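# A closer look at the structure
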Amino acid sequence: DLYTVFIWDRHYLKQFSEQTGKTAHYLPLASNPDIFFPRSPDPNFQCDAGFIGSISGIRDFNAHRKDKGWSPWLVELARQVVDTRKMNPKTPMDVIFNAIMESIPSENRKIILSFSQKPEFDTFWDSVNNEVGTLNRIGSVCAVPKPFTAFVFGNDAWKQVARKNIQYRGAIDYHSQAPRVYASAGANLNITSTQLADSVNQRVFDVPAAAGFLLTDSRPCLAELFEPDKEVVVFESHEDMADKLKFYLNRPLLRKKIAQRAHERFLGQH
């Protein structure tokens, strides 16, 4: 009773209340202006499009799950969740899981419900989120159209994805180097983490803090935080992202105006 709980994804407020019998409060993320602030572009990080984030090195998740000793029904359940999310990319993962549960026979449902209460369920959920997130990040970065060049910063699994216009540039330090990337890239891509249902992640605040230009996937709560297409630019699909990169990378003054508006919003509210 001495604790006040804040949750930065509004989607999970009801779930928290149902599980604990207590009330949590919605509080979005923010950024630290002592670390993320405007600076001159760094030649080492200058590129058309920049992305910071890691992906899984697993290329065949089904085979990996079987190698780990997963039961066939559990491998199939993971496949159903991932494939359903591919067809419904804006539907939260827990909503997809619950819908699948409603569609299966009652006896199988009892087995899965029992399993969902065990610690091993976390491993299942991590694996599914990992696959969906990896596919989305690779698909988004690979959609950067030629002749534009994308620099990717993260783990070395990106080496398997690198191609002529997509260059893996290694891991970077969040505090000292990420702000320089944001200030140097023509456009900073944001691809929201899969486990987030309604909210935006840290990058949506860090990029405007550094006065960088942000091109982000669409999120339900984004318009409460920044004005779409006035302060940050939003894309709905990989094809839409490619089209908007072509448009804005050829308009540096417009990008600068949008980034400045986002920076002012950041200073005032985030």
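Whatever comes next refers back to the structure up there.
My aim in this report is to walk through the structure given alongside it, one point at a time. All values reported here derive from a predicted model rather than from experimental measurement. (Residues numbered from 1 in each chain as written. Predicted model: local features only at pLDDT ≥ 70, side-chain atom pairs only at ≥ 80, totals over all residues. Heavy atoms only, no water.)

Turning next to the environment of Asp42. Relative to the assigned elements, Asp42 resides in the loop between strand 2 (24-26) and strand 3 (47-52). Sequence separation between Asp42 and Val181 is 139 residues, and the spatial gap between their C-alpha atoms is 7.5 Å. From its side chain, Asp42 meets the backbone nitrogen of Asn44 in a polar contact 2.8 Å long. (Helix = DSSP H or I, 4+ residues; strand = E, 2+ residues; numbered from the N terminus. Polar contact = N/O pair within 3.5 Å; in protein donor to acceptor, adjacent residues only side chain to side chain.)

Right, let's get into the packing of aromatic side chains. Overall, the coordinates contain 18 aromatic pairs when judged by the stated rule. Among the aromatic side chains, those forming a connected cluster through ring pairs are Trp70, Trp73, Phe97, Phe115, Phe121, Phe124 and Trp125. When the ring centre of Tyr26 is taken as reference, the NZ or CZ atom of Arg10 above it lies at 4.0 Å. In this arrangement the basic side chain of Arg39 is found over the ring face of Phe37, its NZ or CZ atom lying 4.0 Å from the centre. (Phe/Tyr/Trp six-rings, centres within 6.5 Å; stacked < 30°, edge-to-face > 60°. Lys NZ or Arg CZ within 6 Å of the ring centre and 35° of its normal.)

What follows is about the environment of Phe36. Examined against the element boundaries, Phe36 turns out to sit in the loop between strand 2 and strand 3. As for Phe36 and Arg79, which are separated by 43 residues in sequence, their C-alpha atoms are 40 Å apart. Setting aside residues no more than four positions away along its own chain, Phe36 makes contact with Ser31, Tyr174, Ala178, Pro179, Tyr182, Asp206, Ala209 and Ala210. (Contact = heavy atoms within 4.5 Å.)

On to the environment of Leu215, then. Within the element layout of this structure, Leu215 appears in strand 7 (residues 214-217). Distance in space between the C-alpha atoms of Leu215 and Asn188 is 5.9 Å, their sequence separation being 27 residues.

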